[in-house]
Amino acid sequence: MARKLEIGVLFSRSGPYRLMGEASHRGVMQGIADVNADGDLDLTFEPVERDPAGDVDAYAPLGEDILATSRARHIIGCTTSWSRKEVIPTLERLNGALWYPVPYEGFEASDRIVYTHACPNQHLLPLLDHALGAHGRRGYLTGSNYIWGWEMNRLARQVTVASGGEILGERYLPLGSTDVARIVAEITALRPDFVLNQLIGPSQYEFIAEMARLRQRDPHFANPRCPVLSCNLTECELPVMGDAADGIIAAGPWFRGMPARSAGRDRGHGFGSSFEVAAYDSVMMLARLLNNRPGAEDLPLSQLLSLPVAGQLGISARTHHTRLPVAIARVRDGAFSVIRALEPIDGDPYLTGARDMPRAALRVVT
């Protein structure tokens, strides 16, 4: 008889970045359904769900509620880096683990987290290499005012300058703010070769709409000039942007039309975005790690990832990051079209082997 195991699901399915949360949630639910239907596995999963509704202060209490009131030791969840960092102390105190299926800024390797989406050597560095070669070396940086925007733009500035380029400006908005007029006015005046956009949610939607209006009134910004670059935009957010998204160039491990990794199996699902794929893979990888190992769900994550199967799944026992393909795609007619695809590479959160550039200080998460 299959073991019944509870797993936590902690995504904001409402609030300002609900589209990303909903996509991740769909991936988790599909993964759970496939695990429960797989007769080759000796386990089934039962989700224990909580919705922080985009309130960063709710993640830690809801994560604690999952770990304290259920048998779940593993949680798949969080969207923003802010929310992920809020949950880490709870994981440590209550002996939990988080599977984080969202692109992030790197410079972290918590022994309580498995990072199943891309970090900078799998998204930002390939994207900048493409932009600096194809569009020019004068960039402009914008982002939401929290760790994702700060760290990604810090690294982008570092890489661009080291490559002989120049950052003309850098501005941030509070999470949820749609006051993009000053940013677009500055871009209009400075006329960069590309804009690296780290805004999320409604801030991003309004910015993209305003940039589309700029393209209509100023020939200097007509596509394909001065593209907007993104490391976290996926198909799940394109419908809300409409035609304004055309021309955006993004990097990620998967876009529609590419084979889905699916934890070593392509089950033929019509995934909608890399958020769904990474969340689905998180469930499938966890199931493979726990299969035929009664009690393994209670093991420390470091011990679980030391099993040979973890390496076979592409999870590094040293960094807790995953091996992922890299693709660069441009939005055309409301969909991403891949313009460059690279072989899978290991996640390198501290950029120890990425390039000859100054290293940031090690950040230990405890």
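All values reported here derive from a predicted model rather than from experimental measurement.

Draft legend 1. Quick peek at the sheet that holds strand 10 (residues 249–252). Taken together, the seven strands give an open sheet; going across it, the order is 7-6-8-9-10-11-12, and neighbouring strands pair in mixed fashion. Looking at the sheet topology across the chains shown, the edges are occupied by strand 7 (166–173) and strand 12 (335–346). Strand-to-strand, the axes of this sheet are offset by a mean angle of 20 degrees, without reference to chain direction. As paired elements, strand 6 (residues 138–144) and strand 8 (residues 194–198) share five bridges and run parallel to each other. Within strand 8, the position partnered with glycine 143 by the bridge is glutamine 198. Contacts from helix 4 (residues 124–134) reach strand 8, strand 9 (228–230), strand 10, strand 11 (323–332) and strand 12, with the element oriented near 160 degrees to strand 8.

Draft legend 2. Summary view of the packing of aromatic side chains. Going through the model one piece at a time under the given rule, you end up with six aromatic pairs. Taking the centre distance of 4.9 Å and the plane angle of 20 degrees together, the rings of tyrosine 104 and tyrosine 115 count as stacked. You can see tyrosine 104 sitting in the loop between strand 4 (97–100) and strand 5 (113–115) and its partner tyrosine 115 sitting in strand 5, a full 11 residues away along the chain. Tyrosine 115 shares its class with tyrosine 104; the two are buried. Centre to centre, the rings of phenylalanine 107 and tyrosine 350 are 6.0 Å apart; their planes meet at 85 degrees, and the pair counts as edge-to-face. Placement of the pair is phenylalanine 107 in the loop between strand 4 and strand 5 and tyrosine 350 in the segment after strand 12, with a sequence separation of 243 residues. The two residues phenylalanine 107 and tyrosine 350 agree in class, both being buried. Following the ring pairs from residue to residue traces out a cluster consisting of Tyr100, Tyr104 and Tyr115. When the ring centre of tyrosine 100 is taken as origin, the NZ or CZ atom of arginine 84, which lies over that ring, is 4.8 Å away.

Draft legend 3. Inspection of the pairing of strand 10 at higher detail. Side-chain alternation along strand 10 places Ile249 and Ala251 on one buried face and Ala250 and Gly252 on a second face that is also buried. As judged from the two bridges shared by strand 9 and strand 10, these two strands associate in the parallel manner. When the sheet's bridge partners are listed, leucine 229 is paired in strand 10 with isoleucine 249. Looking at chain direction, strand 10 and strand 11 are connected through four bridges and run antiparallel. Within strand 11, the residue paired with alanine 251 across the bridge is isoleucine 328.

Draft legend 4. Spatial organisation of the pairing of strand 12. Pairing geometry for strand 11 and strand 12, over nine bridges, is antiparallel. Bridge pairing in strand 12 places valine 326 opposite leucine 342. Count of turn residues in the strand 11/strand 12 antiparallel hairpin: two residues, of which aspartate 333 carries a positive phi of about 55 degrees.

Analysis parameters
- Residues numbered from 1 in each chain as written.
- Predicted model: local features only at pLDDT ≥ 70, side-chain atom pairs only at ≥ 80, totals over all residues.
- Heavy atoms only, no water.
- Pairing = 2+ DSSP bridges.
- Helix = DSSP H or I, 4+ residues; strand = E, 2+ residues; numbered from the N terminus.
- Axes fitted to C-alpha atoms, helices over the stretch in contact; angles between N-to-C directions.
- Contact = heavy atoms within 4.5 Å.
- Phe/Tyr/Trp six-rings, centres within 6.5 Å; stacked < 30°, edge-to-face > 60°.
- Buried < 20%, exposed > 50% of the residue type's maximum accessible area, 1.4 Å probe, protein only.
- Lys NZ or Arg CZ within 6 Å of the ring centre and 35° of its normal.

These figures capture arrangement, not role.
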